[in-house]
Amino acid sequence: MRINSARRYAVNHLVTGLAVLSTLLVIAPLVAILVYLIYMGASSLNLAFFTHIPAPVGELGGGMANAMVGSAIVLALASSMGIPVGIAAGVYLAEFGRGRMLATAVRFTADVLNGVPSIVMGLAVFALLVQGRHYSAFAGGVALAVMMVPTITRTTEEMLATVPHAIREAALGLGVPKWRTVLSVSLKTASPGIITGCMLAFARVAGETAPLLFTAFGNQFWSFKLTEPIAALPLQIYVYALSPYDEWHRLAWAGALVLIVMIMVAVTLVRIYASRGVMKGAS
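Think of each chain on its own: its residues are numbered from 1, step by step along the sequence as written. It should be noted that, the model being predicted, local features are given only for residues of pLDDT at least 70 and side-chain atom pairs only at 80 or more, the latter also being counted only at that level, while totals for whole chains, interfaces and linings use all residues. With hydrogens and water stripped out, all remaining heavy atoms of the structure feed into the side-chain values.

> So what's going on with the confidence of the model for the protein chain? Residues and values would help.
Across the chain, each position has a pLDDT score giving the predictor's confidence in that residue, from 0 to 100. Residue-level pLDDT values for the protein chain average 88, and 95% of them are 70 or greater. Any two residues having at least one pair of non-hydrogen atoms within 4.5 Å are treated as being in contact. Here residues 277-283 is a poorly scored stretch, pLDDT under 50, and it has 16 contacts once near neighbours within four places are set aside; other chains count.

> Let's hear about the side chain of glutamate 157: which residues, and what values?
Strands are runs of DSSP state E lasting at least two residues, helices are runs of H or I lasting at least four, and both sets are numbered from the N terminus onward. With respect to the secondary-structure elements, glutamate 157 resides in helix H6 (residues 137-161). Polar contact is the term for a pair of N or O atoms within 3.5 Å; when the atoms are in protein, one must be able to donate a hydrogen and the other to accept it, and sequence-neighboring residues count only if both atoms are side-chain atoms. Side-chain polar atoms of glutamate 157 contact the side chain of arginine 154, separated by 2.4 Å. Look past the residues within four positions of glutamate 157 in its chain and what remains in contact with it is Gly90, Leu93, Ala94 and Arg107.

> Summarise the pattern of salt bridges; cite the residues concerned and give the values.
We define a salt bridge as a contact between a side-chain nitrogen of Lys or Arg and a carboxyl oxygen of Asp or Glu at a distance within 4 Å. The tally for this structure, following the rule as stated, stands at seven salt bridges. Close ionic contact of glutamate 95 with arginine 168 constitutes a salt bridge, the shortest N to O distance being 2.8 Å. Placement of the pair is glutamate 95 in helix H3 (residues 65-96) and arginine 168 in helix H7 (residues 165-173), with a sequence separation of 73 residues. Across the pair arginine 107 and glutamate 157 runs a salt bridge, and its minimum N-O distance is 2.8 Å. Taken as a pair, arginine 107 in helix H4 (residues 101-114) and glutamate 157 in helix H6 lie far apart in primary sequence, 50 residues in all. The exposure class of arginine 107 is partly exposed, given its relative accessible area of 23%. What you see here is one network of salt bridges that share partners, running through Arg107, Asp111, Arg154 and Glu157. Relative accessibility decides the category of a residue: with a 1.4 Å probe and only protein chains considered, values under 20% of the type maximum give buried, values over 50% give exposed, and everything between is partly exposed.

> Run through the packing of H6 against helix H8 (residues 178-206), naming residues and quoting values.
Under this scheme, a helix contributes an axis fitted over its contacting stretch, all axes are lines through C-alpha atoms, and angles between N-to-C directions fall in the 0 to 180 degree range. Taken N-terminus to C-terminus, the directions of H6 and H8 make an angle of 150°; their axes are 8 Å apart at the nearest point. Comparing their axes, H8 and H6 come out roughly antiparallel. Seen along the crossing, H6 lies across H8 with a hand that is right-handed. Touching Leu144, Met147, Met148, Thr151, Ile152, Thr155, Thr156, Met159 and Leu160 of H6 are Ser186, Leu187, Ala190, Gly193, Ile194, Gly197, Cys198, Ala201, Phe202, Arg204 and Val205, all from H8. For this classification, Asp, Glu, Lys and Arg are treated as charged, while Ala, Val, Leu, Ile, Met, Phe, Trp, Tyr, Cys and Pro are nonpolar and the rest, including Gly, are polar. Looking at the contact of H6 with H8 residue by residue, the classes come out as 13 nonpolar, six polar and one charged. To sort the angles, those under 35 degrees are grouped as roughly parallel, those over 145 as roughly antiparallel, those from 65 to 115 as roughly perpendicular, and the leftovers as oblique. Each crossing gets its handedness from the near helix: less than a right angle anticlockwise from the far helix is left-handed, clockwise is right-handed.

> Quick rundown of a nonpolar patch on the surface? Include the residues and the values.
Candidate patch residues must exceed 30% relative accessible area and have no salt bridge, after which like charges are joined if within 9 Å and Val, Leu, Ile, Met, Phe, Trp or Tyr side chains if within 5 Å. Here the accessible surface of atoms and residues is derived via Shrake-Rupley with a 1.4 Å probe, and residues count as covered only by protein chains that are part of the display. A cluster of nonpolar side chains, Val11, Leu14, Val15, Leu18, Leu21 and Leu25, forms an exposed patch at the surface whose accessible area comes to about 570 Å². Here leucine 18 is to be found in helix H1 (residues 2-41).

> Any details on the side chain of serine 191? Residues and values, ideally.
In this fold, serine 191 is placed in helix H8. Taking the relative accessible area as the measure of exposure, serine 191 reaches 12% and is therefore buried. Only 2.9 Å separates the side chain of serine 191 from the backbone oxygen of lysine 188, close enough to count as a polar contact.

> Give a detailed account of the packing of aromatic side chains, specifying residues and quantitative values.
Only Phe, Tyr and Trp rings take part, Trp by its six-membered ring, and two of them pair if their centres are within 6.5 Å. Stacked means planes under 30 degrees apart, edge-to-face means over 60, and tilted covers everything else. For the structure shown, the criterion picks out nine aromatic pairs. Here the aromatic rings of phenylalanine 49 and phenylalanine 50 are separated by 5.4 Å at their centres, their planes lie at 80°, and the arrangement is edge-to-face. Grouping aromatic residues by their ring pairs yields a cluster made of Phe126, Tyr135, Phe214 and Phe217. A cation over an aromatic ring shows up here: lysine 178 above the ring of phenylalanine 96, its NZ or CZ 5.6 Å from the ring centre. Sitting over a ring, as applied to charges here, requires NZ of Lys or CZ of Arg to be within 6 Å of the ring centre and within 35 degrees of the ring normal.

> Account for the environment of leucine 251, with residues named and values stated.
You can see leucine 251 is positioned in helix H11 (residues 246-275). For leucine 251 and alanine 241, which are 10 residues apart along the polypeptide, the C-alpha to C-alpha distance reads 8.7 Å. Excluding anything up to four places from it in sequence, leucine 251 contacts Phe49, Gly61, Gly62, Met64 and Tyr240.

> Describe in detail the nonpolar core, supporting the description with residues and values.
Take the buried Ala, Val, Leu, Ile, Met, Phe, Trp, Tyr and Cys residues and link them wherever side-chain atoms come within 4.5 Å; each set so joined is a nonpolar core. In terms of nonpolar packing, the biggest core is built from 48 residues, with Phe49, Met64, Leu144, Leu212 and Leu233 touching the most fellow members. Contributing elements (two or more residues each) for this core: H3, H6, H8, helix H10 (233-242) and H11. Each residue touching methionine 64, except ones within four places of it in the same chain, is listed here: Phe49, His52, Leu233, Gln236, Tyr240, Leu251, Ala252 and Gly255. In terms of nonpolar packing, the next biggest core, distinct from the first, is built from five residues, Val125, Val130, Val142 and Ala143 among them.

> Please set out the environment of alanine 78 residue by residue, giving values where relevant.
Looking at the secondary structure, you find alanine 78 in helix H3. Take alanine 78: its relative accessible area is 0%, and that puts it in the buried class. With 47 residues separating them in the primary sequence, alanine 78 and valine 125 have C-alpha atoms 13 Å apart. The contact partners of alanine 78, leaving out residues within four places of it in the chain, are Ile83, Gly141, Leu144, Ala145 and Met148.

> Give me the lowdown on the packing of H3 against H8, citing residues and values where you can.
At their nearest, the axes of H3 and H8 sit 9 Å apart, and the two run at 135° to each other. Judged by the inter-axis angle, H3 sits oblique to H8. In this structure, H3 meets H8 at a crossing whose hand is right-handed. Contact with H3, carried on its side by Leu75, Ser79, Ile83, Ile87, Val91, Glu95 and Phe96, involves Lys178, Val182, Ser186, Leu187, Ile194, Cys198, Phe202, Val205 and Ala206 of H8 and no other residues of that element. Its residues assigned to classes, the contact of H3 with H8 comprises 12 nonpolar, two polar and two charged.

Here it is in structure tokens:
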């Protein structure tokens, strides 16, 4: 008995140690990237970086204020289009489409789109919305929205599948319509997981450059119209990183740091908002 107990004790600690090690291996790259970005980019952050537009070629200084505002506009467009469509598709798959051919087609399409390279998404939207017209913030938002939909769809479906059937049956037994049960019971119960899926999709597209090259195109000046080319942080970082100027390389590191911090802050605020019970599901 003592030998078996000691063996179980050793195996338990070994597995626990491996789990901790795996966790550290997952976190270490993120920490290393963040530390390196802070080291390379923090010294270039100043008030001008957040309030000025890019300086002309050859001049020192300038900032990325227009790119930060442009990224916010494009991401807001993408979220307003991608999140509702993704959640609606996930609800259909989990609640209404069981055993139907259309549901199988939607699920297959979502899985395929999840693996499509982002540059292909950009080319597709370019052919549909840009070619023969002009680059625009709206086209950039559509490209990012299309990338968000598959992740949100599959996450919503999986989270709704974890909702106990007894909860749905209780609501239906009280005479609540099916659609109201889905909105008031199923979605509320699964909302923490669905919010996590939306955050993952948002974080994925926030740093994408390839789709925006073919849609939003970029802009060195202020632009707030959805029908015109618009600046974005990933695009500005890309342009500066490829340039031969040390000043632009310095600003590219600063822009990369700001982009990472913006994503982390946005995700953290949503999680705090959800943890306070405002967006939590039914218990």
